[in-house]
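Listed here are the chains, written in short residue letters.
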2 protein chains.
Amino acid sequence: MSTITIAVDAMGGDNAPNEICAGAVSACKEFDDIEIVLTGDTEKIKSCLENHPRIHIEHADEIIDPDEHPANAIRRKKNSSLRVAMEMVRRGDAQGCVSAGSTGAIVAGGVLVVGRLPGIDRPAFGVPMPSIEKVSFMLDVGATVRCKPENLLQFATMGSIYSHKIMNVANPEVKLLSNGTEDIKGDDTVLAARELIEHKDSLNFCGYIEGNDVVWGRADVIVCDGFNGNIALKLGEGIMQGLKSLLVDEVSKSFMAKAGMLLMSPVVKRLWARFNYEKYGGSPLLGVNGAVIKAHGRSKSPAIVSAISAARKFIGENAIELISREI
Amino acid sequence: MSTITIAVDAMGGDNAPNEICAGAVSACKEFDDIEIVLTGDTEKIKSCLENHPRIHIEHADEIIDPDEHPANAIRRKKNSSLRVAMEMVRRGDAQGCVSAGSTGAIVAGGVLVVGRLPGIDRPAFGVPMPSIEKVSFMLDVGATVRCKPENLLQFATMGSIYSHKIMNVANPEVKLLSNGTEDIKGDDTVLAARELIEHKDSLNFCGYIEGNDVVWGRADVIVCDGFNGNIALKLGEGIMQGLKSLLVDEVSKSFMAKAGMLLMSPVVKRLWARFNYEKYGGSPLLGVNGAVIKAHGRSKSPAIVSAISAARKFIGENAIELISREI
C-alpha cells in the first residue's frame, strides 16, 4: 500500500484552523493510507491539533483574504497557507490539496501554481449535487465564467470520468443544462457545445436538462458554464436555507406546530441529511495537474473529512492520468 | 369609468377550456370594469361557460400545440385561439390578452402579431417571484435567450416601471443577476449591461444579485437573460415541488410523522400559500404593443383570475405608454 500525501490549507474558511485540524485528525483515523500536511501558522495549528504520527505542519505565515483579487493574491502572497499547499502539489511533495478558502484564489492557484493539464484550456469546479433520485455531478459551478463550446466539451469529458471513477456510476448519463429539453433550445454556445459533445463517442450524451429536472436528478453529469452553474448552485443552497429559517420561525410561534415538529423531527432530519453538502465531499477543480479539492467555506470537520476523502479517492483512482488520456 | 376589454385564449393550457372559462367568470364578478372575449371553439366554450353579460365568445377553430415550432405555428394557424386573441389586441378590439398556452407561441405572437413597441429590440417575460422578504419581479425568464447588453438595459427599464406601477413599489431597487456581488463578477454581457444600467438616471440600480439573495428577495427587480432566468425559475419551481413530494412520501410512512404533520398543517399551508404562483398573477410579456399576460400552463381558475387582474391593472395604469416614453 503506497501512502498518499495530501496538503491541507489549515487557514482557509470560516472555521479555520480548529475545524480544519479536527477534520485532518478524523481523516487520518479513518484512512490508514494517507499522510496530511497542514499548511499555515505553526503556533495556531499546534494549539488546536491533537498529535498524530501522520500529520505534519508546513509553516506559512500569510493568509489569503476572501476579498482580495484572487490572481493577485496568489501571485503576491507566496507564503500564504493556500499557495504553500499548492506549491507542495506542484513539486510533487503532495499528490493533492484541500482548502476551504476563497474559491477564486483556489482557481487562480490551480492554474498559476499547480498548472493546467496539457490540452485543457480552462478548469471547472465540479460539485456532487444531492437530488431526489440520486447524487448528480454538476460542472462548472464557478471556475470558468465565460465558456467556449470546446470548454463545455472538456467539462463533459472530465465530469464523466469523475462520475464513473469517483462516484462509481456505470456509463454516466451526460446532459447539458439548458432552457428546455427540445433540440432547438439553448443559446449559441450551448447549441455549439451540443454538436461537439454529441459526436464524442466516449460520452453517453443524453441531450438537454432543464432546471426542474436537475432537482429530480435526471442526469449523472450536468454540464454548464461557470456563470449559470454558480447561479443555480447558490439558488439551490439559498432555497434550502431560506425554507429552514422560515420553518423555524413559523414553528416557534405556535405550540401546536412545535409539538408537530417534534413528532416529525425524524422525517425532517432524514430529509435534511439527504441534502446536506457535508456528506458529499468537496468540489474538485478539474483540469489541473493534481487533485485540488475545495471544501465549502462554512465547512466543519465532517466536511473536511469528506473533502480529504474525495482527494484520496481522486488520487487513488489515477483520475489525472485518465483525464489526460481522454483529452 | 371606461371599460377594459381583455381577450382570453380559452383553449391554452393543461386545464382548458373549463378552468379558463371559470376564471373568466370569476374575474368578471370581481371587476366591474372589464369585458372578456373568450377565443376558441364556441361549442366547447359554451358547454362549460356560465352565462355572463360581460363575457363574449370569438370563434377560433384551431389550437396551437405546445410541441409545434412557435413562430411557424403563429404564422400558419391564423385561426388558432391564441392568434385570434392577439389579433384582437393588434386591431384595438381588446387592450390586452391572457393565455395559458405555449410560452414560445405567446412570444412569437407578441412580436409577429401584436408587434414590438418602437425602440424595443427584444421582449422579456417578467415574473413576480415570491421570496422570503417580499415579492420581487424577475425578467427575462424565457422570451429572449440570447441577450445583448442593450436588451438587458431595456429589461431593467421595463421591469422598474412594472414594479413601480403594477406592484406598487416606490423607487424599485434594480439588480443584475450574476455569479457574485463583487464588481469584477459577471460575464462579458453582464459587465457591459452593468455599465449601461448604472448610467441610466431613471433607474435605481443597486449592483449585482447572486442566487441565494434572490431567495431572500434582496431586490425589487432582478434583470437577467432568458436563458439564465428560465433555468433559475424552473430550478426554484422544481425544488418546491420536489420537497413537497418527498415530504408527502416520507410522512406517509410513519404514524408519528402523520400526526405531526396534522399539527403542523396550518404552518405548512401558510408557507405553501406564500410561495404559490397562483396568487401572483401571470407573467407579462413586456416590450410589445399591448398587455400580453401569460398564465402558467397548469393554471386553474384562480391563476386565470390573477392573470386577468394583472392585464387589467397593466392597462389601467397605461404601462405601455409609460414604457414607450422611457425607452
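For the structure itself, look to the data block above.
These numbers come from a predicted model, not from an experiment.

Participant: So what's going on with the relation of the copies chain A and chain B? Residues and values would help.
Facilitator: With an RMSD of 0.0 Å, the fit of chain A onto chain B corresponds to turning through 180 degrees and sliding 0.0 Å along the axis. Both copies are brought into coincidence by an operation consistent with a two-fold rotation axis. Among all C-alpha atoms of chain A, that of Gly 260 of chain A lies closest to the rotation axis, at 1.9 Å. Most of the interface of chain A is mirrored in chain B, where 98% of its interface residues again form contacts.

Participant: Got a sec to walk through the nonpolar core? Specific residues and values, please.
Facilitator: Counting 223 residues, the largest nonpolar core has Ile 36 and Leu 38 of chain A together with Ile 36 and Leu 38 of chain B as the members making the most contacts within it. If you tally residues by element for this core, the top one is helix 9 (residues 226-252) of chain B, at 11 residues. Contacts of Ile 36 of chain B, omitting those with residues within four sequence positions, involve Ile 6, Val 8, Ala 24, Ala 27, Cys 28, Arg 54, Ile 55, His 56 and Ile 308 of chain B.

Participant: Quick rundown of the interface of chain A and chain B? Include the residues and the values.
Facilitator: You'll often see interface size given as the accessible area lost when the parts meet. Chain A puts 49 residues into the contact, and the matching count from chain B is 49 residues. Here chain A packs against chain B, burying approximately 4,700 Å² in sum over the two surfaces, 74% of which is carbon and sulfur. The interface formed by chain A and chain B contains six salt bridges. With its nearest N and O atoms 2.7 Å apart, the salt bridge here joins Arg 270 of chain B to Glu 250 of chain A. Where chain A meets chain B, there are 12 residue pairs in polar contact (both at pLDDT 80 or more). Elements supplying a minimum of two residues to the side of chain A that touches chain B: helix 7 (188-198), helix 8 (211-216), helix 9 (226-252) and helix 10 (255-274) of chain A. At 18 residues, the largest contribution of residues to the side of chain A that touches chain B is made by helix 9 of chain A. Across the side of chain A that touches chain B, the residue classes tally to 27 nonpolar, 14 polar and eight charged.

Participant: So, the pairing of strand 11 (residues 291-294) of chain B: which residues are in play, and what are the values?
Facilitator: Residues and elements named next belong to chain B. Neither face of strand 11 is left uncovered, since the one carrying Ala 291 and Ile 293 and the one carrying Val 292 and Lys 294 both have all their residues buried. In this structure, strand 4 (residues 96-99) lies alongside strand 11, joined through four bridges in parallel fashion. In the sheet register, Val 98 faces strand 11, and the bridge partner there is Ile 293. When strand 10 (residues 283-286) meets strand 11, the two strands line up antiparallel, connected through two bridges. By the bridge assignment for strand 11, Ser 283 is matched with Lys 294. Hairpin connection, strand 10 to strand 11: the antiparallel pair is bridged by four residues, and Gly 287 has positive phi, about 105 degrees.

What counts, and where the lines are drawn
- Residues numbered from 1 in each chain as written.
- Chains lettered and ligands numbered in written order.
- Predicted model: local features only at pLDDT ≥ 70, side-chain atom pairs only at ≥ 80, totals over all residues.
- Heavy atoms only, no water.
- Least-squares fit on C-alpha atoms with pLDDT ≥ 70 in both.
- Contact = heavy atoms within 4.5 Å.
- Core = buried A, V, L, I, M, F, W, Y, C linked by side-chain atoms within 4.5 Å.
- Buried < 20%, exposed > 50% of the residue type's maximum accessible area, 1.4 Å probe, protein only.
- Helix = DSSP H or I, 4+ residues; strand = E, 2+ residues; numbered from the N terminus.
- Buried area = accessible area lost by both parts, 1.4 Å probe.
- Salt bridge = Lys/Arg side-chain N within 4 Å of Asp/Glu carboxyl O.
- Polar contact = N/O pair within 3.5 Å; in protein donor to acceptor, adjacent residues only side chain to side chain.
- Nonpolar A, V, L, I, M, F, W, Y, C, P; charged D, E, K, R; others polar.
- Pairing = 2+ DSSP bridges.

That's the geometry; what it means functionally is another story.
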